[in-house]
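Chain residues, written in single-letter form:
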Amino acid sequence: MSDPVTVTDIRRARERFDPDIVRETPVERSRSLSEMSGADVRLKMEHLQRTGSFKTRGASTKIAEIADGGDTERVVAASAGNHAQGVALAASNAGIPATVVMPEDAPQAKVDATRGYGAEVVLRGREFQEAVAHARDLASEPGSVFVHAYDDPAIVAGQGTLGLELAEQVPDLDTVIVPIGGGGLIAGIATALAAVAPEVRVVGVQAEEAATVPESLDKGEPVDREHTRTIADGIATGGVADLTYELIERHVDEVVTVSDDEIAHAVLTLLQRAKQLVEGAGAASVAGLLSGRIDVTDETVVPLLCGGNIDMSMLDTVLEHAMTDRDQLLRLRVRIEDEPGELSTLSTVLADRGANVRHVRHDRAVEDLRVGEAYLVFEVAAAGREHAGQLLDAIRDRGYEVTRVN
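Right, let's walk through the structure included here.

About the cut-offs
- Numbering of residues begins from 1 in every chain and follows the order in which that chain's sequence is written.
- Predicted model: local features are reported for residues with pLDDT of at least 70 only, side-chain atom pairs are reported and counted for 80 or more only, and whole-chain, interface and lining totals are derived from all residues.
- Remark: hydrogens and water are excluded; side-chain values derive from all non-hydrogen atoms of the structure.
- Here a salt bridge means any side-chain nitrogen of Lys or Arg lying within 4 Å of a carboxyl oxygen belonging to Asp or Glu.
- Helix and strand definitions follow DSSP, with helices as H or I runs of at least four residues and strands as E runs of at least two, each counted in order from the N terminus.
- Burial classification: accessible surface area is computed with a 1.4 Å probe over protein chains only, and a residue below 20% of its type maximum counts as buried, one above 50% as exposed, and the rest as partly exposed.
- Lining residues are defined by having an atom within 4 Å of a point belonging to a cavity or pocket. Those points lie on a 1 Å grid over the protein atoms alone, cavities being sets where a 1.4 Å probe fits but cannot get out and pockets being open sets with protein on both sides within 12 Å along at least five of seven lines.
- Grid points are joined across faces, edges and corners, and a volume is the space filled by probe spheres set on the points.
- Residue type decides the class: Asp, Glu, Lys and Arg count as charged, Ala, Val, Leu, Ile, Met, Phe, Trp, Tyr, Cys and Pro as nonpolar, and the leftover types, Gly among them, as polar.
- A pair of strands is considered paired only if DSSP assigns at least 2 bridges between the two.
- For helices, the fitted line uses only the C-alpha atoms of the stretch in contact; every axis is such a line through C-alpha atoms, and the angle between N-to-C directions lies from 0 to 180 degrees.
- When checking whether two residues touch, look at their non-hydrogen atoms; a contact exists if any pair is within 4.5 Å.
- Helix span, as expected, comes to 1.5 Å for every residue beyond the first.
- Two N or O atoms form a polar contact when they lie within 3.5 Å of each other; inside protein one atom must be a possible hydrogen donor and the other a possible acceptor, and for residues adjacent in sequence the pair counts only when both atoms belong to side chains.
- Only the six-membered ring of Trp is used, alongside the rings of Phe and Tyr, when aromatic pairs are assigned; centres must lie within 6.5 Å, and planes under 30 degrees apart are stacked while those over 60 apart are edge-to-face, with the rest tilted.
- Over a ring means this: the NZ of a Lys or the CZ of an Arg is within 6 Å of the ring centre and within 35 degrees of the ring normal.
- Buried residues of nine kinds, namely Ala, Val, Leu, Ile, Met, Phe, Trp, Tyr and Cys, make up a nonpolar core once their side-chain atoms join them within 4.5 Å.
- Each angle receives one of four descriptions, namely roughly parallel if under 35 degrees, roughly antiparallel if over 145, roughly perpendicular if within 65 to 115, and oblique otherwise.

1. Re the pattern of salt bridges
Should their charged atoms come close, side chains of opposite charge can pair. Evaluated as defined, the whole model comprises 31 salt bridges. Across the salt bridge formed by Arg42 and Asp172, the nearest N and O atoms sit 3.3 Å from each other. Here Asp172 lies in the loop between helix H7 (153–169) and strand S7 (175–179) and Arg42 lies in strand S2 (residues 40–44), a separation of 130 residues in the sequence. Of the charged contacts in the structure, one is a salt bridge between Arg361 and Asp363, with a shortest N-O distance of 3.1 Å. Judged by relative accessible area, Asp363 falls into the buried class, the value being 19%.

What follows is the structure in structure tokens.
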């Protein structure tokens, strides 16, 4: 049986790219991630695309196909944010009005960017599939065409151009690690590599709370999830299409899942060690690499950093969570006699040991306190696990009862 998308389709998509819209993104070696994983790790910097994600590739391919028809008055899409920006930019460049439906909780940065590229944005529903349903309703109007985020051969062909680039940029490539949402990216890449570099292993990564592909592969057909909740909003599609499932089943070697904790850790690791700021979906590949669930020892491995459109409030949440997990952000509850000087004494103990107090509060109305007692709750920035232990020991050495509460 022939593939619904072929390497010929992918090559044609690449030939039609406007370099002002889609660029060939660089690959850079990461010494830090190489040391952590025991592999030769090269990062594919797809978050450096003009719209901050790979989605521009597929959107440009589909919009070019629509423009060739010549009778479309409007394109309509549904997206958590990255496909939205790709469609908005490509449609604006082609002179076609675009309407994009996004979930009501879509990151504001992605909403603003989509509008900035010239699209009308409609917020509808809490789940991606609700946004898709409303977009299809809008696209049923005369002169409108629906541009699906992944269930379209032209979209898959456009995303597959990444596979051709990787084969050229990393000729000694052993394994590529690809985040999976609706499956368009990994389906396209796997199809391209099956044709031009069949020895390369293709591994997919999904967030645990949105992991429909392992269930689908087990059942032998696409399985949907009604509810998906993950910090990797860009891959929280709730399912794959028949098209992408078929290509995944045929050409993808392995699929693993990662937790939101692991994704948050990957975001922070990339920021600290690789100096790259990516969103949760873009860091999922590195989360998979560092999880230990993929054997990459002594291999040349490319995790795709496929999106960089992280909302600042989400970045704050992710960093706080990751810093807490690394014992770099502590909340300490100290039982004190509620009298003058106690706050000063404890602040001095922490300062003398190099800790930075970010916040502090008094708790007096707590059931287990005696009259005349209080709790001081400190939020403290520490250097890591060893330093955190030293801070706790120093407070106890001064005779205080202290409990870590995070």
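2. Quick notes on the layout of surface pockets
For the largest pocket, the calculated volume is near 350 Å³. As for the largest pocket, its lining consists of 18 residues, of which Asp105, Pro107, Arg229, Thr230 and Asp233 are closest to the centre. When its residues are assigned to classes, the lining of the largest pocket shows eight nonpolar, four polar and six charged. Counted as a void, the second largest pocket has a volume near 230 Å³. Lining of the second largest pocket is provided by Asp9, Arg12, Ala13, Arg16, Phe17, Ser60, Thr61, Ala64, Glu65, Pro153, Ala154 and Ala157. When residues of the lining of the second largest pocket are traced back to their parent elements, those giving at least two are helix H1 (7–15), helix H3 (55–69) and H7. If you tally residues by element for the lining of the second largest pocket, the top one is H3, at four residues.

3. Digging into empty space enclosed by the protein
Tallied over the entire structure, the rule returns one cavity of 30 Å³ or more. Along the wall of the largest cavity there are 29 residues; nearest its centre are Phe54, Lys55, Gly234, Ile235 and Thr237. Its residues assigned to classes, the lining of the largest cavity shows 13 nonpolar, 13 polar and three charged.

4. Describing the sheet that holds strand S12 (residues 356–363)
Taken in spatial order, the four strands of this open sheet run S12-S13-S11-S14, and their pairing is antiparallel. Each end of this open sheet is capped by a strand with a single partner; those strands are S12 and strand S14 (401–404). The mean angle between the axes of side-by-side strands here comes to 25 degrees, regardless of whether they run parallel or antiparallel. Where strand S11 (residues 329–337) and strand S13 (residues 373–381) come together, nine bridges link them in antiparallel fashion. Directly across from Leu330, in S13, lies its bridge partner Val380. The sheet contacts of helix H13 (residues 312–325) involve S11, S12 and S14, and relative to S11 the element is tilted by about 70 degrees. In the packing of helix H15 (residues 385–397) onto the sheet, contacts are made with S11, S13 and S14, and the angle to S11 comes to roughly 5 degrees.

5. Quick look at H7
Between the first and last C-alpha of H7 there are 25 Å, a value that for 17 residues agrees with the 24 Å anticipated at 1.5 Å per step. With 13 of 17 residues buried, H7 lies mostly within the body of the structure. Of the residues that open H7, the one with a side-chain oxygen 2.8 Å from the backbone nitrogen of Ala154 is Asp152.

6. Considering the packing of aromatic side chains
Applying the stated rule across the entire model yields zero aromatic pairs. Note that Arg333 overlies the ring of Tyr375, its terminal NZ or CZ placed 4.2 Å from the centroid.

7. Side note on the nonpolar core
Leu33, Leu43, Ile263, Leu270, Val286, Leu289 and Leu305 are the most contacted members of the largest nonpolar core, which totals 37 residues. Broken down by secondary-structure element, the contributors of at least two residues to this core are S2, strand S8 (201–207), strand S9 (254–258), helix H11 (260–274), helix H12 (280–290) and H13. At seven residues, the largest contribution of residues to this core is made by H11.

8. Structural notes on the side chain of Thr56
Note that Thr56 resides in helix H3. Residues in contact with Thr56, not counting those within four places in the same chain, are Ile21, Val22, Thr51, Gly86 and Leu89.

9. Some points on the sheet that holds strand S10 (residues 300–303)
Read from one edge to the other, the open sheet built from six strands follows the order S1-S2-S10-S7-S8-S9, with strand pairing classed as mixed. Each of the sheet's edge strands pairs with one partner strand only, and the pair in question is strand S1 (27–29) and S9. Averaged over all adjacent pairs, the angle separating strand axes in this sheet is 25 degrees, with direction ignored. Strands S1, S2, S7 and S10 of the sheet are contacted by H7, whose axis makes an angle of about 140 degrees with S2. Strands in contact with helix H9 (residues 212–219) are S8 and S9; relative to S9, the strand with the most contacts, it is inclined by about 140 degrees.

10. So, the packing of helix H4 (residues 82–94) against helix H5 (residues 108–116)
Their axes nearest at 8 Å, the elements H4 and H5 cross at an angle of 10 degrees. As the angle between them shows, H4 and H5 are arranged roughly parallel. For the pair H4 and H5, the contacting residues are Asn82, Ala84, Gln85 and Ala88 in the first and Lys110, Ala113 and Thr114 in the second. Here the residues of the contact of H4 with H5 are counted per class, giving three nonpolar, three polar and one charged.

11. Describing the environment of Glu165
Structurally, the position occupied by Glu165 is in helix H7. Taking the C-alpha atoms as reference, Glu165 lies 12 Å from Leu304; in sequence the two are 139 residues apart. When sequence neighbours within four positions are dropped, the list of residues in contact with Glu165 reads Arg14, Arg23, Glu24, Thr25, Lys44 and Arg57. Among the polar contacts listed, one links the side chain of Glu165 to the side chain of Lys44, at a separation of 2.6 Å.

12. Focus on the environment of Leu369
Its place among the elements puts Leu369 in the loop between S12 and S13. The residues touching Leu369, leaving out its near neighbours within four places in the chain, are Arg335, Asp363, Arg364, Ala374 and Tyr375.

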